[in-house]
Amino acid sequence: MREIEERAARAYQRRFGEQPELIASAPGRVNLIGEHTDYNGGFALPCAVDRRVAVAVGDKGSDEGSLYSDDFDDERSLWDEEGGWSEYPRGVARILGENAEHNLEFRAAFAGEVPRASGLSSSAAIESATALALDSLFELGLGRTHLALACQRAENESLGVQSGILDQYASLLCGEGTALLIDCRSLEAEPVPLDLEAAGLSLVVCDTRVERGLASAGTGYNDRRAACERAAEKIGVELLRDASEEDFERLSGEESEEELKRARHIVTENARVLACAEALRAGDLGRAGELMYASHASMRDDYEISTRELDTFVDLAREHGAIGARLTGAGFGGCALALVRSGEVRGLREAALRRFAQSCFVEPVFYEFWPAAGAEISG
Ligand code: GLA
């Protein structure tokens, strides 16, 4: 058992005075490339990170259904609409209960190590761990794709952000040492090798700690989504996944400028994801990295979701010889990633700390991640 899973088990026992029936855990994720493509039915290429949320569950049929967080030392009733962290597992339990046609009564204790509010999908990790645990505890027999869709619904309903399937799918279905090429329309996926160690590379993530204030990020996110829908309508396709560069002439008037930029990002990004997966399969990491830089430029100029902090980190990464770098996640703040030669990591971090201080930006936080296993049951 991983340390985080043991912590959840101990918390369960301490809180509820008995052993849990089982423990599940699920990771956060970074997206290597393919941003905002998911809700356009396109492609994305995330990998799971080696930071997880674990949940210990038991007492099936309990009449005192309860959710306990070891991190916040906070216990909430299973069914009260109380807001905060417990909204995510409660939402998942409600949706899986609809599926099972009866309320799922249980007790659960959570322990987490995924950085929160950074864009590393700590909420997808708690949802996915809960979904997998309940699927097993109540023998629901739902496949992982089904669980991912239930978690996405829980996320949409708790936050009012119309986010796509990327985060929950990645948390439930990624595999160790690989990235996952996801077709977000068919919901089929295929692992792509990502042996960073063999290539002497580190996956460095810079959390710019620019508040992705829920409301503003949510509004920006929903706005982008709405612009994509308008673009698709003007072009005459159901989803921008089906648009191509030739279709851009239908968005040529001044009144369609916003739609044109958003559509251009999505159409070119889908092509970059497929090319990046191909390059990784061929072991051409240099090519994969170039595509990441191109993806960043497209998010900065066409999708307009970057910030000065994110751009600064990406520029510095390039100066330090990173083979690729880009903002990752929803944007409007949050994190950027870089694939850096392992010997260069320290230099890049120090340079970024200096440059951020000179620019009067908030001090960033750095992580080094390895492509880790998706959600798992243990114990
Ligand atoms: C957030 C959403 C995802 C996806 C990304 C952008 O992480 O939750 O569904 O849209 O932003 O790629």
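To be clear, the structure that these remarks concern was listed above.
In this report, we go over the structure that sits alongside the text. (Residues numbered from 1 in each chain as written. Predicted model: local features only at pLDDT ≥ 70, side-chain atom pairs only at ≥ 80, totals over all residues. Heavy atoms only, no water.)

Remarks on the packing of aromatic side chains
- For the structure shown, the criterion picks out seven aromatic pairs.
- For the pair Phe-106 and Phe-138, a centre-to-centre distance of 6.4 Å together with 75° between the ring planes defines the contact as edge-to-face. Taken as a pair, Phe-106 in the loop between helix H2 (87-100) and strand E5 (107-112) and Phe-138 in the loop between helix H3 (122-137) and helix H4 (144-159) lie far apart in primary sequence, 32 residues in all.
- For Arg-318, the ring lying beneath its charged end belongs to Tyr-293, and the centroid distance is 3.9 Å. (Phe/Tyr/Trp six-rings, centres within 6.5 Å; stacked < 30°, edge-to-face > 60°. Helix = DSSP H or I, 4+ residues; strand = E, 2+ residues; numbered from the N terminus. Lys NZ or Arg CZ within 6 Å of the ring centre and 35° of its normal.)

Brief notes about the nonpolar core
- With 77 residues, the main nonpolar core has Val-30, Leu-45, Leu-96, Phe-106 and Leu-203 as its most contacted residues.
- If sequence neighbours within four positions are ignored, Leu-203 has contacts with Val-30, Leu-32, Cys-47, Leu-196, Leu-337, Ala-338, Leu-339, Tyr-367, Glu-368 and Phe-369.
- Ranked by size, the runner-up nonpolar core spans 40 residues in total, among them Val-204, Ala-231, Leu-260 and Ala-352. (Core = buried A, V, L, I, M, F, W, Y, C linked by side-chain atoms within 4.5 Å. Buried < 20%, exposed > 50% of the residue type's maximum accessible area, 1.4 Å probe, protein only. Contact = heavy atoms within 4.5 Å.)

Let's talk about the site of the ligand
- Around the ligand, the structure places Arg-29, Glu-35, His-36, Asp-38, Tyr-39, Ser-163, Gly-164, Leu-166, Asp-167, Tyr-221, Gly-329 and Ala-330.
- A distance of 2.5 Å separates an oxygen atom of the ligand from a polar atom in the side chain of Tyr-221.
- About the coverage of the ligand: the protein hides 93% of its 310 Å² of free accessible area.
- Looking at side-chain class alone, the shell around the ligand contains four nonpolar, four polar and four charged residues. (Near = heavy atom within 4 Å. Polar contact = N/O pair within 3.5 Å; in protein donor to acceptor, adjacent residues only side chain to side chain. Areas by Shrake-Rupley, 256 points an atom, 1.4 Å probe, with all protein chains shown as cover. Nonpolar A, V, L, I, M, F, W, Y, C, P; charged D, E, K, R; others polar.)

Section: the environment of Tyr-303
- As for its placement among the helices and strands, Tyr-303 is situated in the loop between helix H8 (285-301) and helix H9 (308-319).
- Residue class for Tyr-303 comes out buried when judged on its relative accessible area of 0%.
- Sequence-wise, Tyr-303 and Arg-262 are 41 residues apart; in three dimensions their C-alpha atoms are separated by 5.2 Å.
- With sequence-adjacent residues up to four places away left out, Tyr-303 is seen in contact with His-36, Tyr-39, Asn-40, Arg-224, Cys-228, Arg-262, His-265, Ile-266 and Ser-298.

Considerations on the pattern of salt bridges
- For the structure on display, the rule yields 34 salt bridges.
- Across the pair Arg-107 and Asp-59 runs a salt bridge whose closest N-O atoms are separated by 3.0 Å. Taken together, the residues Arg-107 in strand E5 and Asp-59 in the loop between strand E2 (43-58) and strand E3 (66-69) connect sequence positions 48 residues apart.
- Judged by relative accessible area, which is 12%, Arg-107 ranks as buried.
- Note that Glu-290 is salt-bridged to Arg-287, the shortest N-O span being 3.2 Å. One end of the pair, Glu-290, and the other, Arg-287, are both in helix H8, three residues apart, so they sit about a helical turn from each other.
- In this structure Glu-290 comes out as partly exposed when scored by relative accessible area, which is 48%.
- When salt bridges with common partners are traced through the structure, they connect Arg-230, Lys-234, Glu-258, Glu-259, Lys-261, Arg-262 and Glu-304 into a single cluster. (Salt bridge = Lys/Arg side-chain N within 4 Å of Asp/Glu carboxyl O.)

Overview of unusual backbone geometry
- With a phi close to 60°, Glu-101 is a non-glycine residue in the positive phi region.
- For Glu-101, a relative accessible area of 73% gives the class exposed.
- Even without being a glycine, Ser-121 presents a positive backbone phi close to 65°.
- Positionally, Ser-121 belongs in the loop between E5 and H3.
- Classification of Ser-121 by relative accessible area gives buried; the value is 8%.

Comments concerning the packing of H9 against helix H10 (residues 345-358)
- With their axes 10 Å apart at the nearest point, H9 and H10 run at an angle of 140° to one another. The angle between H9 and H10 falls in the class oblique. For H9 against H10, the interelement crossing comes out right-handed. When H9 is examined against H10, the residues Glu-309, Thr-312, Phe-313, Leu-316, Ala-317 and Glu-319 are found in contact with a partner set consisting of Leu-348, Ala-351, Ala-352, Arg-355 and Phe-356. (Axes fitted to C-alpha atoms, helices over the stretch in contact; angles between N-to-C directions. Parallel < 35°, antiparallel > 145°, perpendicular 65-115°, else oblique. Left-handed = near helix turned anticlockwise from the far one by under 90°.)

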